[in-house]
Amino acid sequence: MATQSQQNMSDIFDSSLNLEDAHFEEGYKDGYKDGKISGKEEGKEVGLKHGFEVGEELGFYKGCINVWNSAIQMDSSCFSSRVQKSIKQMEDLVKKYPMMEPEDESVQDVLDSLRLKFKAVSATLGVKLDYVGYRNASSVSEF
């Protein structure tokens, strides 16, 4: 009988010792679940913001390419063949950008190459064009 009462006492102590582990495990599961939900929401917001910024930058370069190509169509001798080739390479880089594959590892390489090519063409043409990005509401002066 002494062994059964000792066993009952050890069960009481085991359950109180395991209480901390049980609370830890429950807290971990709750935290993990909440973190997963908030992480998805935050990831979506960051992804949308970054996607908008990249799309805007690509649109800027595409607009410059369209203006330069229009000038070439009007007067094919307005730019040297080297500049025309660089404009064509920029156009190819914009087309090569993997719009529908954001996890493609070449995304940053293509964008970096496009930026360099743009700077080279702008410098060759002697124009001071810079992509400065979208002005957020805090940087725009209010009336």
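Since we're looking at a predicted model, the values are computed, not measured.

Draft legend 1. Molecular detail of the overall build of the protein. Helix and strand counts for the protein come out as three helices and zero strands. Secondary structure elements of the protein occur, N-terminal to C-terminal, as α-α-α. By the burial criterion, 17% of the 143 residues in the protein qualify as buried. When the accessible surface of the protein is summed, it comes to about 11500 Å², and 56% of that surface belongs to carbon and sulfur atoms.

Draft legend 2. Expanded view of the UniProt feature "domain: Essential protein Yae1 N-terminal" (unreviewed entry) in the protein. UniProt marks residues 27-65 with the feature "domain: Essential protein Yae1 N-terminal" (unreviewed entry), using the numbering shown here. Helix makes up 100% of residues 27-65 and strand makes up 0%, while its end C-alpha atoms are separated by 56 Å.

Draft legend 3. Highlighting the pattern of salt bridges. Applying the stated criterion across every chain yields a total of five salt bridges. Between E53 and K49 there is a salt bridge; the shortest N-O distance is 3.1 Å. Placement of both E53 and K49 in helix α1 (residues 2-74) is noted, with a separation of four residues, approximately one turn of the helix. With its nearest N and O atoms 3.9 Å apart, the salt bridge here joins K62 to E91. Here the residue K62 occupies a position in helix α1, and E91 occupies one in helix α2 (residues 81-96), the gap between them amounting to 29 residues. When its relative accessible area of 15% is taken as the criterion, E91 is described as buried.

Here is what the cut-offs are and how they apply
- Residues numbered from 1 in each chain as written.
- Predicted model: local features only at pLDDT ≥ 70, side-chain atom pairs only at ≥ 80, totals over all residues.
- Heavy atoms only, no water.
- Helix = DSSP H or I, 4+ residues; strand = E, 2+ residues; numbered from the N terminus.
- Buried < 20%, exposed > 50% of the residue type's maximum accessible area, 1.4 Å probe, protein only.
- Areas by Shrake-Rupley, 256 points an atom, 1.4 Å probe, with all protein chains shown as cover.
- UniProt positions renumbered as here; feature names shortened; annotations may be inferred.
- Salt bridge = Lys/Arg side-chain N within 4 Å of Asp/Glu carboxyl O.

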